[in-house]
Every structure is written in C-alpha cells, then in structure tokens.
Amino acid sequence: MAFLEVKGLVKKFGGLTAIGGVDLSVEEHEIVSVIGPNGAGKTTIFNCICGLFPITEGTIIFNGTVLTGPNKRPLKTHEIAKLGVGRTFQIVKPLKELSVLENVMVGTFANTDSMRDARHEAERIIKWIGLGPWKDKLARELTLSGRKRLEVARSLATKPRMILLDEVMAGLNPTEVEEMMDLIRRMRDEFGITAVCGVEHVMRVVMNLSTRIIVLNYGKKIAEGTPKEIIDNPIVISAYLGEPMN
Amino acid sequence: METFIQTFITGILTGGLYALIGIGLNMVFGVMRVVNFAHGALVMVGMYLTWLAFSFLGIDPFVSLFITLPVMFVFGIVLQRVFIAPLLKAPEFNQILLTEGLGIILVNVALLLFSGNYQLVNPSGPLYDDVLRLGGVVLDYKRLVAFFIALILTGALFWFLSRTDIGKSMRATAQDREAARLMGINVRRVSELAMGIGVAMAGAAGTLLTPIYQRVEPFIGAPFTLRAFVVIVLGGLGSITGATVGGILLGLVEAFAGAYNPTFLGGAGAAPIYGFLIFLAVLLFKPSGLFGGSRL
Amino acid sequence: MAYMEFGPAARARRRRGYVLSAIIVFALAVLPIVLVEVQGRRANSTLALLISMITAAGLGTAWNILGGYAGQLSLGHVAFYGLGAYASGLLIEKLGVTSWLGLLVGPLIGGLVALGIGWITFRLRGPYFTLSTIAIAEIIFLLSKTLEPITGGSSGLSWDLNQSRFWPRDPQWLFGPTPGRVPYYWIALAITVIAVIISWKIAHNKLGFYLRAIREDQDTAATIGINNTRMKLTALVISAMLVALIGAFRANFEGAIAPDTVLVRSKSLEIVLFAIIGGMGTVWGPVIGGVLLTLVGEALRGIGEANQLVYGVLLVLVIFFLPGGLLGGAKTLLARLTTRRANQTNQPAALREA
C-alpha cells in the first residue's frame, strides 16, 4: 500500500460532479505534482484529502489509516492534520494579525503545550526557512513570496509526514520559484517529508522537481507518469499543454 | 375542531406577513450576505410611518402602503450607501454589530420622537371592523386583506426576480458576487436595489401589521428580527418560495402554541419559545433549510 | 506591532507591568476605606457606582475570552448572568441556604449550560452562531417569566439574608466589622481581578494562540491540528462561568432579581459593548470599556431614555472608525510614534535569542 492512497474518489456538489472517480497514490519521500488546468479539481482533491470537504464516494488512506471511506466515520480535519498531513492553500491564509513568529508558533503548539518550547521550535523553523529577519513582523506585512514561505513554515511546524502544497508557486517570480523548489527538496532530504504539489502551469516545477506527475482534467485523471512520459503523452498535450514542450 | 381551524387559518394569515418580513431579509442577506439585525426595527419604522399617515393625513393604513413602500425603499438605499457599503468587506462580526447598532439607534430615535407610549391606530370602516364568519370560524377582514396584499407583493417580487433583467442580475449577484461583477453587472447598484427592496418589504409588513396590532410603540419591532431569521432558516436562504412557506410555518407554530398553551412550559407566554426551538432544530439538523438551497 | 513580544526587553517590560498592576489592585483595595473616611455615609452610593464599574470590567473581560480572542460573537451572554443570579436567589428562596453559595453553584450551572449550548451552536458559523445565542437567551428569558412557581415569574425573587438557615448571612462575617458596602466592593474586586488574571493567562498561552487562529480562519486552524470545537467550547465555558459568577455576586448585592434586570437582552449588548468599545481581543480593553461605559451610563442617567441611544451611536462609531476600540486606537497611535525606536531595541535582542 502506498503512503497516500486515493481510490475511486468522487466528489459532487449538488448536481455538479467536481471529481468523477480518481485513483492516485503517492509513495513516501516522493515529490508528486498534480497538474491540470484551472478547475480540473486539484484543490478539490486536496480539500478532500485533508478533510475540509466530505467526499461523495471513495476511500482515502494515509500511512495505513483510513481517513474516509465506506462504513467509516470520516476523520475531521484536525485529526488528519495530527496524523501528519500538512496543507498550504492556493490563496494564502496567514493569520494576519499575528507576527511571523506567532504564526509558526500556532503550528509548533501542535506538538507541545509549553510556550517556551513552542517558541524555540518556531524560531528554529523560521531560521531554517529563511524568514529570520521578518520574525517579529506582522504576517500581513510580508510580500507574497514571504507569505507563501510562512504558510509552508507553519505547516512544517506541525511536523507533518506529507504536505499538500496547493499552487505554492503561483504568483512568484522565477527566482522565488527556484527558492521554493529548493525548499521542497530540502524538506524531503532533511525531514523526509513527502510533497504533493498542485500546479497549474509552472512547468519548471513540474519538470525539474517532481518524481512523478499526475494529470487531471475535468475531475478525472487523464495521465500519469514521469515528467518525460508526460511531455510526450499526446492526450496530455492535446488536453492541456497545447503544444509539445522542448 | 373549530378552534383548530380557527388557529390554523390565523396561523396562515399571520404567517404570510412573517413571510414578507423574511423575504425582505432574504434580499439583504441573500444578495449582500449582510446580516441585518436592524430588520425588526425597520418593520417598526414602517408602522410609525403608517401611524403618521393615519393620524396626520387621515390616510387609511392599507392605502398608506403607497407611501410606505417608496419611502422605505429610498431609506433602504440611503442606509446601504451610508452604512452598509463601506462595511461589505469587513468581517461579518463587524457587520452584525453595525446593523445591531443601527437597530438600536432607530428604536431610540423613535422613543425620543414619539415617546414610549402606545400610539393608537384604529381606523374604522368595514374593512377594519368587520369579520367573516364561516361556520364557527371568525376571521377579521383586515387579516385577510393584509395576507393577500402580502401575497401580491411577494408574487410581484418573484416575478421581478425571475423575469426582469435587473432581477436576474440580482440573483446572479446573490450566487456569486465576483462572477457577477466580471460579467459586467453593476454590483454596487444591484446591492443598493436589493437593500431598497428588502427595507421596503419590511416597511410594508409593518404597514400591514399596523391595523392588526392597532398600537405602535418603539419596541414593537424587536421580535421580528429573530422571526425574520427563523423564516429564512426554515425556508432556506435565497428562496422566496422557501421563505413564504417558512413564514407560514412559523405563523402556524406560534398560533398553535398560543392556542393550546402547553402548561408545562408555563402557558401562553411561552409561545415564542416554540418558534425558537424549531429554529435551533433546523439549524442543527438541516442548516440549508427545509428546502435545501444555498450555502450556510 | 505584534501581539506578544519575546526576549529580555519584553520580559522586563512585562515584569514592570506586573508590579504596576499589583500597585493598582492594592490601591483599589484600599480605596473604599479612604472613601468611607472622606465621605462618611455618602460613601455608599460612590461604592455602589464603583462596584458597578468593577463588575462591568469583569463582564467585559469574561465575554472577551469568547468574543475577542476566539472571535465568536455571542449576543446572548446575559443568559449566564441570569443563571448565576437565579442560582443565588433560588438557593435561598427554595432551599433556605445562603445565597452566597450561589458564587459556587452559579458558575457550575453556567458552565454546564455553556457545554450544552456550545454543543448545539458550535457547529454553526458566523451569523448562525450569533443568532443561536440570541435564541437561546430569549428562551431562557421567556422561561424565567413563565415558569412562575419556580422562578417567581415576571416579578422575580427578592430575599433577606436572614432567611438563610446556614451562615454566612452577610459579608461582615468574612471581613469583620466593616461599614456598609465595603465588603461587597472587595468581593467584586476579587472576582474581577480573577477574571483579568484568567484572561491574561489565556492570552499568553497555547489556548490564546489557538483561539486567535480560530478567529482568523477556522478551516486553516483545523489544518494545523487545532480542534476548533473543543477550543471554542473551552473558551465558552470559561467565559460563561465567569459571567455566572458575576451574576451570582450581583444577586447577592441587590438582594433581588427579576427577568427584566438579569436576563434582559439589552444586558447582552451592554456586555458586548464593554469589550468592543474598550478594545476587543486585548486583556485590558474590556476593563477600560466596562469602567468607562458605566461612568457614561451613570452620567446619562439624568437624561433617561437616551441611554440606549448613546450605546447605539457609540457602537456604530466604533465599528466605523475604531474597530480595535479605545485601546486599539491608542496602541496604533503609540506604535506609529515609537515604531522606529522599538525596532532598533528589538533587533539585537532577537539576534541574541536565535
């Protein structure tokens, strides 16, 4: 069984089928990119995995624990977070009126009750991720790149085994994208964190970072494979990429 | 048996007016997602307008609808422009408190202007004095007339929202504000219109209720705010049909609770409790209302 | 300026704060004795006003734990106040036990009811939560009027401590021979000091952090492992118990309770105003708000009905111009004036910590 196993996931909103039966699996220590045009269902799948959306059909298993499935009470979001699933959001949601340090502390409190420990751990992470100079600044004073990194830091603070990164590169300039990619690699190499990235069109990420790519369109998986396989896959090209990449 | 029918019909007649109040709130809450805690106070304003027209201009309450509707409509737009629009992006928390504050201001201004004493509105004439007798059931004509006028207003609004372009724009804005804006809908104007209509409906309900209550005082609007929300929750947000049914349902519940006085809860005074209990129950078990529909 | 500050400079500042607070509390404790010396008999009415100010500060502080920290707007908090008050009244009227026991029983009942209410309402978000608190408070209010045999109906209950079969009959027992209202003042002061300390502890510990996260965005909070419902319930229960405690105290102070004074909807709003006008989400804001608003209310008493109008206008003004309340406004002003200097002192401290 894979680290993350999604089987037959269906998600309907009233009459609208957002996800129409998707299977995907992620092995530990992989960096998987889930790509697809806007509206393909990436964010919806992420929300289903971390428990923000109840699913219509299917089973989701993480690290051997059933998160949601037939005949089982679906786990609540915070329970799933405690199991080691981290999440960042497409539209960053820092806790605006708190400082960077306090934001990350909210994360570190997941593993301790002590103010001192929470703070020291948070400072460690802030330093590691390069937000040191902004430690005492209010979250809303950060640039977009800073906020994205703060989101990752906050998630990292909970000591996850896997992080779902939803469009974490969107809106960043090429340098910032490189930094973020580097960050994701370091998270895997130094902390063993598995990353699942939802990406719409930052191809650099898709090609250079991912070990495997899953392509979605209209709520269904249309292709899966290594970056090389995906570029050459005609279905993907016609549905999404438009023309062959070089 | 006769008590049953009597209660049943009274419940429906009152419920129709509750529905009107709820629909007014639906416009404000549905289109702008603003939680209007001043809604009951607006009903009170409508009632005072009716009393003023009656006492100083000698105009029949039902006729004064022609005054109340436009005046409240304009008042609604003014409220929207001055108070609500600036806070559309503010946290819901602040919106609730703002409208609550507005409600308090309205009530206390009325208190200052007209004192806390009851103002009598006792028009005479067959419409107001006579009753209809069917078997052992006695119905006031004024309640019947009020109910039907409410129905007409509701129907007119329904037609407006489903058949006219502006109405459809309003529904689009209620569904997705950003998308509506991107489609070229003047969201600001639609919001003002929605507010105007919502307030006008509240005022109209006040006018229709005046001859039934026959007395107007500043705090008379207080129970209507919560009732309006109960109606919306029962009927589901965004649904006029739902609000109508919800209103009638609430009217029935209150009528029966009042008539059959379950003594274990202490008698007639406890009647409103049933409405609240149903409200809580619906919120717990079927938050999208008995008719499903929009988001919670 | 961030909510909390860390590092030696901040710690020193905080220590100074503790000392200052202790001095203030001491001064406040001594105040009534001074007043009695100076004013003699007339001290009683001054004391009554001071007691009102102190309980207002306590109420605002208690509400703020749920409303300011966690961002859950309860407009039905008077229910807990009334429950505490009725606990006291019923103890002596129905059981012949001293109404002072209400100070224990009231918070217990308040806490239990809060658990029940929280279980019902915390599945609901935003306006629906607020509406539920209103509905529940209204239900309790109406029941207090209709369940006449138990609650004394609309006229409520009034009693004389001499009815109590068990001591203590009045606070003189605890404090020895002190004149009139002074013991009540001390009890009120103690209660409010406890409330403020609890509020402070929450704000500076894990619960406070979690509540603030919940206030910002509950979904995000959940993805960081925060059990929203449990946290909100905790805040509500603490808040309810404190409010019930104050309600129980007030009942003892007045010796009489009635639905229209201890369960009326306008009191819920009053409590909210204490916190909001003073500064929601801060430790001292509600204290300031409670004290100031009580003074304003007292000053306006002569004008009669205008009281509520001022509340309404204040509410609208604060929402529009000063959402952080008086304290928030003062902080912003201070921050703007001292930002540069604060940054410079903080930097070296931060680097040393890292």
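Thresholds applied
- Residues numbered from 1 in each chain as written.
- Chains lettered and ligands numbered in written order.
- Predicted model: local features only at pLDDT ≥ 70, side-chain atom pairs only at ≥ 80, totals over all residues.
- Heavy atoms only, no water.
- Helix = DSSP H or I, 4+ residues; strand = E, 2+ residues; numbered from the N terminus.
- Buried < 20%, exposed > 50% of the residue type's maximum accessible area, 1.4 Å probe, protein only.
- Pairing = 2+ DSSP bridges.
- Axes fitted to C-alpha atoms, helices over the stretch in contact; angles between N-to-C directions.
- Contact = heavy atoms within 4.5 Å.
- Disulfide = S-S within 2.5 Å.
- Buried area = accessible area lost by both parts, 1.4 Å probe.
- Salt bridge = Lys/Arg side-chain N within 4 Å of Asp/Glu carboxyl O.
- Polar contact = N/O pair within 3.5 Å; in protein donor to acceptor, adjacent residues only side chain to side chain.
- Expected span 1.5 Å × (residues − 1).
- pLDDT = per-residue confidence, 0-100.
- Core = buried A, V, L, I, M, F, W, Y, C linked by side-chain atoms within 4.5 Å.
- Phe/Tyr/Trp six-rings, centres within 6.5 Å; stacked < 30°, edge-to-face > 60°.
- Lys NZ or Arg CZ within 6 Å of the ring centre and 35° of its normal.

## Considerations on unusual backbone geometry
Residue and element names in this part refer to chain A.
Thinking step 1. Even without glycine at this site, N63 takes up a positive phi of about 50°.
Thinking step 2. Structurally, N63 can be placed in the loop between strand 4 (57-62) and strand 5 (65-68).
Thinking step 3. According to the relative accessible area criterion, N63 is partly exposed, its value standing at 38%.
Thinking step 4. One non-glycine residue, K159, lies in positive phi territory at about 55°.

## Description of the sheet that holds strand 5 of chain A
Residues and elements named next belong to chain A.
Thinking step 1. In spatial order, the strands read 2-1-4-5; together these four strands make up an open sheet with antiparallel pairing. On the outer flanks of this sheet lie strand 2 (16-26) and strand 5, each paired with one strand and no other. Geometrically, the sheet is characterised by an average inter-axis angle of 25° between neighbouring strands, direction not taken into account.
Thinking step 2. Here eight bridges tie strand 1 (residues 4-13) to strand 2, and the two strands are oriented antiparallel to one another. Its bridge partner being in strand 2, K12 is matched across the sheet by T17.
Thinking step 3. Docked against the sheet, helix 1 (residues 42-49) engages strand 1, strand 2, strand 4 and strand 5, running at close to 110° with respect to strand 1.

## Digging into the state of the cysteines
Chemically, a disulfide is nothing more than a covalent bond linking the sulfur atoms of two cysteines.
Residues and elements named next belong to chain A.
Thinking step 1. Enumeration according to the criterion identifies zero disulfides over all chains in this entry.
Thinking step 2. We note that C50 lacks a disulfide partner, and the nearest cysteine sulfur, in C48, lies 8.7 Å from it.
Thinking step 3. We note that C197 lacks a disulfide partner, and the nearest cysteine sulfur, in C50, lies 15 Å from it.

## Some points on the interface of chain C and chain A
Thinking step 1. In this assembly, 26 residues from chain C lie in contact with 32 residues from chain A.
Thinking step 2. Together, the buried faces of chain C and chain A total about 2,600 Å²; carbon and sulfur atoms form 62% of this surface.
Thinking step 3. The interface formed by chain C and chain A includes two salt bridges.
Thinking step 4. The partner of C:D217 in a salt bridge is A:K93, with the nearest N and O atoms 3.8 Å apart.
Thinking step 5. One can count eight residue pairs in polar contact (both at pLDDT 80 or more) joining chain C with chain A.
Thinking step 6. Take the side of chain C that touches chain A: its biggest share by element is six residues, from helix 9 (residues 206-216) of chain C.

## Description of helix 13 (residues 265-278) of chain C
All names here are of chain C.
Thinking step 1. Along its 14 residues, helix 13 runs 21 Å from first to last C-alpha, staying within 8% of the 20 Å computed at 1.5 Å per residue.
Thinking step 2. Among the 14 residues in helix 13, 12 count as buried, and that is most of the element.
Thinking step 3. Turning to helix 13, its buried residues number three or more, namely K267, S268, L269, E270, I271, V272, L273, F274, A275, I276, I277 and G278.
Thinking step 4. Of the residues one or two after helix 13, G279 is the one with positive phi, at around 140°.

## Details of the interface of chain C and chain B
Thinking step 1. Counting residues at the interface gives 39 residues for chain C and 40 residues for chain B.
Thinking step 2. Of the roughly 3,400 Å² buried between chain C and chain B on both sides combined, carbon and sulfur atoms contribute 85%.
Thinking step 3. For the pair chain C and chain B, the number of links is one salt bridge.
Thinking step 4. Where B:E100 meets C:R265, a salt bridge forms, and the shortest distance between an N and an O atom there is 3.0 Å.
Thinking step 5. Between the two partners, chain C and chain B, sit one residue pair in polar contact (both at pLDDT 80 or more).

## Digging into helix 2 (residues 39-57) of chain B
All names here are of chain B.
Thinking step 1. Spanning 19 residues, helix 2 covers 26 Å between terminal C-alpha atoms, matching the ideal 27 Å at 1.5 Å per step.
Thinking step 2. Helix 2 sits mainly inside the fold: 14 of its 19 residues count as buried.
Thinking step 3. Directly beyond the C-terminal end of helix 2, a positive phi value near 65° is found at G58.

## Observations regarding the confidence of the model for chain B
Residues and elements named next belong to chain B.
Thinking step 1. Per-chain confidence: chain B averages 85 in pLDDT, with 93% of residues scoring 70 or above.
Thinking step 2. Confidence scores differ between elements of chain B, with helix 5 (residues 126-129) showing the lowest mean pLDDT of 74 and helix 3 (residues 65-84) the highest of 93.
Thinking step 3. Taken together, the chains of this predicted complex give a pTM of 0.88 and an interface ipTM of 0.90.

## Focus: the pattern of salt bridges
Residues and elements named next belong to chain A.
Thinking step 1. Enumeration over the complete set of coordinates arrives at 28 salt bridges over all chains.
Thinking step 2. Between E224 and K221 there is a salt bridge; the shortest N-O distance is 2.6 Å.
Thinking step 3. The network of salt bridges with common partners includes E30, R212, K221 and E224.

## Some words on the environment of A:V104
Thinking step 1. When you line up the elements, A:V104 lands in helix 3 (residues 100-108).
Thinking step 2. If near-sequence neighbours (up to four positions away) are discounted, A:V104 is found in contact with A:A122, A:I125, A:I126, A:L150, A:A153, A:R154 and A:A157.

## Comments concerning the nonpolar core
Thinking step 1. In terms of nonpolar packing, the biggest core is built from 245 residues, with A:M169, A:I184 and C:F249 touching the most fellow members.
Thinking step 2. Looking at this core element by element, the count peaks at 15 residues for helix 2 (residues 43-69) of chain C.
Thinking step 3. In this structure, C:F249 is in contact with C:I51, C:T55, C:W100, C:L103, C:Y184, C:I187, C:A188 and C:I191, ignoring residues within four places of it in sequence.
Thinking step 4. Counting 29 residues, the second-largest nonpolar core is a separate cluster that includes A:V6, A:L9, A:A18 and A:V22.

## Section: the side chain of B:T50
Thinking step 1. Of note, B:T50 is situated in helix 2.
Thinking step 2. Apart from residues lying up to four places away in sequence, B:T50 is in contact with B:P61, B:S64, B:T68, B:T207 and B:T210.

## Digging into the packing of aromatic side chains
Thinking step 1. The full count for this structure, using the stated rule, is 24 aromatic pairs over all chains.
Thinking step 2. On the basis of an interplanar angle of 10° and a centroid distance of 6.1 Å, the ring pair of C:F249 and C:F253 is categorised as stacked. Of this pair, C:F249 and C:F253 both sit in helix 11 (residues 228-254), four residues apart, which is roughly one turn of that helix.
Thinking step 3. Residue C:F253 is classed as buried on the basis of its relative accessible area of 15%.
Thinking step 4. Ring pairing ties together the aromatic residues B:F29, B:F37, B:F229 and C:Y128, which thus form one cluster.
Thinking step 5. Across from the ring centre of A:F89, 4.4 Å away, lies the NZ or CZ of A:K93, which sits over that ring.
Thinking step 6. Above the plane of the ring of C:F209 lies C:R212, whose end atom (NZ or CZ) is 4.9 Å from the centre.

## Thoughts on the pairing of strand 7 (residues 162-166) of chain A
All names here are of chain A.
Thinking step 1. The buried fraction of strand 7 is high, at five of five residues.
Thinking step 2. In strand 7, alternate side chains face the same way, and those of M162, L164 and D166 on one face and I163 and L165 on the other are all buried.
Thinking step 3. Relative to strand 7, strand 6 (residues 85-88) is paired through four bridges, and the arrangement is parallel. In the sheet register, R87 faces strand 7, and the bridge partner there is L164.
Thinking step 4. Pairing of strand 7 with strand 8 (residues 194-199) involves five bridges; the strand directions are parallel.

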